[in-house]
Amino acid sequence: MKKSSVLIAGGGSTYTAGIVVMLLESVKEFPVRKIKLYDNDAERQQKVAEACAIIVKEYDPEIEFSYSTDPEESFTDVDFVMAQLRVGKYAMREQDEKIPFKHGVVGQETCGPGGIAYGLRSIGPIIGLVDYMEKYSPDAWLLNYSNPAAIVAEGTRRLRPNSKIINICDMPICLEDIMARAIGLQNRKAMEVRYFGLNHFGWWTSIKDHDGNDLMEKIKAHVGKQGYTENTPAGQHKEASWLDAMRAGKELLDIEPKFLSNTYLKYYLMADETVAHANKEYTRANEIIDGREKEVFAECARIVEAKTAKGTTLHSNEHASFIVDLAKALTFNTKERMLLITENNGAISNFSDDAMVEVPCIVGKNGYEPLTMGKIPTFQKGLMEQQIASEKLAIEGWIEGSYQKVWQSLTMSKTVPSAKVAKDILDDFIEVNKEFWPELK
Ligand code: NAD
Ligand code: G6P
Ligand code: MN
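Residues numbered from 1 in each chain as written. Chains lettered and ligands numbered in written order. Predicted model: local features only at pLDDT ≥ 70, side-chain atom pairs only at ≥ 80, totals over all residues. Heavy atoms only, no water.

Draft legend 1. View of the overall build of the chain. Scanning the chain for helices and strands turns up 18 helices and 12 strands. By the compact-globule yardstick of 22 Å for 441 residues, the chain fits well, its C-alpha radius of gyration being 21 Å. Principal axes of the C-alpha set define a box for the chain whose edges measure 55 × 55 × 40 Å. The buried share of the chain, reckoned over its 441 residues, is 58%. The long-range fraction of contacts in the chain, counting pairs at least 24 apart against all pairs at least 6 apart in sequence, stands at 71%. (Helix = DSSP H or I, 4+ residues; strand = E, 2+ residues; numbered from the N terminus. Rg over C-alpha atoms; globule rule 2.2 N^0.38 Å. Buried < 20%, exposed > 50% of the residue type's maximum accessible area, 1.4 Å probe, protein only. Contact = heavy atoms within 4.5 Å.)

Draft legend 2. Structural context of the site of ligand 1. Residues in contact with ligand 1 amount to 27 residues; listed here are only the nearest, Ser-13, Thr-14, Tyr-90, Glu-109 and Tyr-118. Interatomic distance of 3.0 Å between a side-chain N/O atom of Arg-292 and an oxygen atom of ligand 1. With the chains in place, 95% of the 860 Å² that ligand 1 exposes on its own is no longer accessible. Breaking the shell around ligand 1 down by element, the ones donating at least two residues are helix H4 (89-102) and helix H5 (112-136). Of the residues that constitute the shell around ligand 1, the class distribution is 10 nonpolar, nine polar and eight charged. (Near = heavy atom within 4 Å. Polar contact = N/O pair within 3.5 Å; in protein donor to acceptor, adjacent residues only side chain to side chain. Areas by Shrake-Rupley, 256 points an atom, 1.4 Å probe, with all protein chains shown as cover. Nonpolar A, V, L, I, M, F, W, Y, C, P; charged D, E, K, R; others polar.)

Draft legend 3. Seen up close, the pattern of salt bridges. Taken as a whole and judged by the stated rule, the model has 38 salt bridges. Between Asp-131 and Arg-160 there is a salt bridge, with its nearest N and O atoms 2.8 Å apart. Of this pair, Asp-131 sits in helix H5 while Arg-160 is found in the loop between helix H6 (149-159) and strand E6 (165-167), placing the two residues 29 residues apart along the sequence. Residues Arg-158 and Glu-396 are paired through a salt bridge, measuring 3.9 Å at the closest nitrogen-oxygen approach. (Salt bridge = Lys/Arg side-chain N within 4 Å of Asp/Glu carboxyl O.)

Draft legend 4. Spatial organisation of a negative patch on the surface. Among the surface-exposed residues, Glu-251, Asp-254, Asp-272 and Glu-273 lie close enough to one another that they form a single negatively charged patch. Of all the secondary structure elements, the ones that give two or more residues to the negative patch are helix H10 (249-255) and helix H12 (271-277). Turning to its location among the elements, Glu-251 is positioned in helix H10. (Patch = residues over 30% accessible without salt bridge, like charges linked within 9 Å, V, L, I, M, F, W, Y side chains within 5 Å. Lys, Arg positive; Asp, Glu negative; His and termini not counted. Charge placed at Lys NZ, Arg CZ, Asp CG, Glu CD.)

Draft legend 5. Spatial organisation of the UniProt feature "domain: Glycosyl hydrolase family 4 C-terminal" (unreviewed entry) in the chain. The feature "domain: Glycosyl hydrolase family 4 C-terminal" (unreviewed entry), as annotated in UniProt, sits at residues 195-416 in this numbering. Counting secondary structure, residues 195-416 comes out at 48% helix and 16% strand; the distance between its end C-alpha atoms is 27 Å. (UniProt positions renumbered as here; feature names shortened; annotations may be inferred.)

Draft legend 6. Inspection of the side chain of His-237 at higher detail. Its location among the elements puts His-237 in the loop between helix H8 (216-226) and helix H9 (240-247). Look at His-237 and you get buried, because its relative accessible area is 9%. Contact partners of His-237, with chain neighbours within four places excluded, come to Met-171, Cys-174, Trp-242, Leu-243 and Met-246.

Draft legend 7. Representation of the site of ligand 2 within the structure. Around ligand 2 there are 14 residues in total, and Arg-93, Asn-147, Asp-170, Arg-284 and Arg-292 lie nearest to it. One nitrogen or oxygen atom from the side chain of Arg-284 is found 2.6 Å from an oxygen atom belonging to ligand 2. Within the side chain of Arg-292, one N or O atom sits 2.8 Å away from an oxygen atom of ligand 2. Surface burial for ligand 2 is 93%, taken as the share of its 380 Å² of free accessible area covered by protein chains. For the shell around ligand 2, the per-class residue count stands at six nonpolar, three polar and five charged.

Draft legend 8. Examining the coordination of the manganese ion (ligand 3) more closely. Every protein donor of the manganese ion (ligand 3) is listed here as Cys-169 (SG) and His-200 (NE2), and their distances to the metal cover 2.2 to 2.4 Å. On the criterion of sequence distance, the pair formed by Cys-169 in the loop between E6 and helix H7 (171-182) and His-200 in the loop between strand E7 (191-198) and strand E8 (201-209) is long-range, its members being 31 residues apart. Given the relative accessible area of 8%, Cys-169 is considered buried. (Donors = N, O, S within 2.8 Å, 3.2 Å for Na, K, Ca; no water.)

Draft legend 9. Spotlight on the UniProt feature "binding site: substrate" (unreviewed entry) in the chain. In this structure's numbering, the residues bearing the UniProt feature "binding site: substrate" (unreviewed entry) are Arg-93, Asn-147 and Arg-284. Considering the arrangement of structural elements, one finds Arg-93 in helix H4. Topologically, Arg-284 is positioned in helix H13 (residues 284-290). Not counting chain neighbours up to four residues away, the residues in contact with Arg-284 comprise Arg-93, Glu-97, Glu-239, Ser-241, Trp-242 and Arg-292. A polar atom in the side chain of Arg-284 sits 3.2 Å from the side chain of Glu-239.

Draft legend 10. Structural context of the packing of aromatic side chains. Taken as a whole and judged by the stated rule, the model has 12 aromatic pairs. Seen in terms of ring centroids, Phe-429 and Trp-437 are 6.4 Å apart; in terms of plane orientation they differ by 50°. Their pairing is tilted. On the basis of relative accessibility, which here comes to 1%, the residue Phe-429 falls in the buried class. Trp-437 gets classed as buried once you look at its relative accessible area, which sits at 10%. An aromatic cluster of three or more residues is present, and its members are Phe-196, Phe-201, Trp-203, Phe-259 and Tyr-268. The ring of Trp-407 has Lys-423 lying over it, and the distance from NZ or CZ to the ring centre is 5.4 Å. (Phe/Tyr/Trp six-rings, centres within 6.5 Å; stacked < 30°, edge-to-face > 60°. Lys NZ or Arg CZ within 6 Å of the ring centre and 35° of its normal.)

Draft legend 11. How the structure looks around the side chain of Asp-177. Structurally, the position occupied by Asp-177 is in helix H7. Excluding its chain neighbours within four sequence positions, the residues that come into contact with Asp-177 are Asn-187, Arg-188 and Glu-318.

Draft legend 12. Representation of the environment of Gly-155 in the model. For Gly-155, the location among the structural elements is in helix H6. Take Gly-155: its relative accessible area is 0%, and that puts it in the buried class. Residues Gly-155 and Tyr-228, spaced 73 residues apart in sequence, show a C-alpha to C-alpha distance of 31 Å. Contact partners of Gly-155, with chain neighbours within four places excluded, come to Ile-123, Ile-127, Arg-160 and Ile-395.

So this is what it looks like as structure tokens:
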């Protein structure tokens, strides 16, 4: 059985240890010979890497483990790059969230102006990863989680159209696991879904079991009562602010009763309520700095100090399982059906060919094939046209260094009430993003 070499880019990420554990737990179906980490922040990465080194050694000393900030060393001899950069780190996420709130607009990591600001920071470094990979390991695949995945995907489509990069998101699969548990199934793998939309902007149109029996009505009954909240401790999204998003599933079902909505639609369709209820001084970034980030780094330090990972709380999760499943499908031609972000080209028949959409795809050795989702209704089509225009204008603005286009991108976002507000937010963003953005003229 082929053994792969995997590079995790953004090695200092809070998700790295989970992916490493998942890789180790999956060695029977997806054997690995090497796990490497790459980051541009040596000090941050080292804290995670030293703990991962112990985890790997205790699990299987034959698997080589290393970490580096040097691109040549990192990208040489790899089969997969699993990317999860946060360009500007949590300090900039805090700005992405707080600046829009200051202007009465939703402040979110991937949606609205915050997502656009983050997109303009991410695209350059992601293209950098693609280029390193193609230089040092031309046959490798880049599996990208780095957000905002929608804008990153449009950027890679425009700038590296022939590269082996697949942009992905864990939200649909996490929600599918919740749906599955809500109706007494073990997990999402017991279900077959039809889904269409853009990243963080989509809908399930059909959910069936593998015998073809419809499960939508049962799931809707749950969502109609309590959104995507559940009565089990399972799953990734359990903090207070996530529960708000999960609860919104119920209102989203009122807005579109035919389908099940992705929770991220809350930020567009329930923007006023989101702004009204948000703590504008203490946003999700603060919650993570005081929560997930602290916990992960404390646990890594504990492992290093104890010189053993025995009894560790670091564990695999849905996020890790999805990206490892994808690598497995590409390596062993499993033909697994997975939701990926792909160029439309007719998958949604009444939507632009050149839009990056999120639809189910069949994944095998030679890449992936999107499944046809057919025609979509006017409501969704209208919303998606506006959103894709915003995403495309963001990337065009970055490529051309155009103030006008980035301003139009913000104006186009359904979260922003007027061009004037868009301009005020943009001007504040330019001030704090000098180190990361091209100069906009
Ligand atoms: P994090 O800040 O803990 O980790 C990100 C790491 O990237 C940091 O160690 C940072 O130093 C590194 N980094 C930043 N710029 C870099 C560059 N140019 N080159 C190399 N390394 C660089 O963040 P996190 O919360 O663990 O999230 C990581 C990323 O994964 C974020 O973009 C997040 O939004 C994304 N994410 C996406 C999904 C999805 O569904 N697509 C799910 C979860 C997380
Ligand atoms: C979901 C989304 C991701 C997002 C992640 C973590 O899984 O799909 O795009 O990055 O949640 O969000 P958080 O706010 O916990 O960092
Ligand atoms: Mn996502």
